[in-house]
Amino acid sequence: WGPGDGVIHLTGNVTVPSGSTLTIQPGTLVMAEPGPTGDGTRVIVNGVVNAPGTEAEPILFFPAAGPAAMTLPDHNVANPSSWRGFTHTGSGTSTFSHVFVTGAGNAPVESHPRPLVFGVESSASLSLIDCVVADCGGKIVHMTGSGTITLRRTVWSRVGYGGEFLGGSHTLLAEDCWFTRIGRAPEANDALSRWNTSPSASFASGARPIRVNQQSS
């Protein structure tokens, strides 16, 4: 995908097959339709995504429904105007650099009460470098596999839930990140904002601290 293709309009799910790479060029704009409530439009990554945006030419994932998709629901339900996000499986590493994602989270509720935006399963790994994820009603990262999540200079803001890392023997590396206004709406378990890791999660040595600003409104 690239700027020369015009606006990339997702009207249904896109699947990256195992062994394949979806390359998204700098300056690409992707607009995603909501899809069915609770099972919205998503990118299913059985292979890998390579999205090397730049500061001058970021890659943008926007909801086709506009501002309605960026509203956080008051409870643990999907916003039917949002699109879903990304599901990563397999064993590859997907890398997003200078990517802006908004209006996502129209997915089933898994584990704690928010639908996921970036689902990472099996031995898949995910890197978010110089990225912004904002105005998404869902849980930003839901990790159930054995891969590595790398977050560098990345901002999460005005989202329903931060990250949850369950099962497996996975690794989280977070450096110079800013997480703010996480969990702005009441949750069924009164967890207004939370960063959860299972006892089996490991933190990479030498990782630098992240800044977390938890706030409800």
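Residues numbered from 1 in each chain as written. Predicted model: local features only at pLDDT ≥ 70, side-chain atom pairs only at ≥ 80, totals over all residues. Heavy atoms only, no water.

A. Representation of the nonpolar core. One finds F96 and F118 to be the most contacted residues of the largest nonpolar core, which totals 41 residues. The element that contributes the greatest number of residues to this core is strand β13 (residues 132-143), accounting for 5 residues. With residues up to four places along the chain from it excluded, the contact list for F96 reads V49, A51, F86, H88, F118, L126, S127, L128, I129 and C131. (Core = buried A, V, L, I, M, F, W, Y, C linked by side-chain atoms within 4.5 Å. Buried < 20%, exposed > 50% of the residue type's maximum accessible area, 1.4 Å probe, protein only. Helix = DSSP H or I, 4+ residues; strand = E, 2+ residues; numbered from the N terminus. Contact = heavy atoms within 4.5 Å.)

B. Highlighting the environment of I8. Along the chain, I8 turns up in strand β1 (residues 8-10). On a C-alpha basis, the gap between I8 and F61 in space is 9.3 Å, while along the polypeptide they are 53 residues apart.

C. Structural context of the environment of A134. Along the chain, the position of A134 falls in strand β13. For the pair formed by A134 and G160, sequence separation is 26 residues and the distance between their alpha carbons is 9.8 Å. Leaving out residues up to four positions away in the same chain, A134 has contacts with F100, V101, T102, G103, S157, R158 and V159.

D. Quick look at the packing of aromatic side chains. Evaluation of the coordinates by the stated rule reveals 8 aromatic pairs. Each ring, one from W83 and one from F86, has its centre 5.5 Å from the other, and the planes form 80°; the classification is edge-to-face. Of the two residues, W83 and F86, neither departs from the other in class, the shared state being buried. Measuring from ring centre to ring centre gives 5.7 Å for F96 and F118, while their planes differ by 80°; the resulting arrangement is edge-to-face. Of this pair, F96 sits in strand β9 (residues 93-97) while F118 is found in strand β11 (residues 116-120), placing the two residues 22 residues apart along the sequence. For K139, the ring lying beneath its charged end belongs to Y161, and the centroid distance is 5.7 Å. (Phe/Tyr/Trp six-rings, centres within 6.5 Å; stacked < 30°, edge-to-face > 60°. Lys NZ or Arg CZ within 6 Å of the ring centre and 35° of its normal.)

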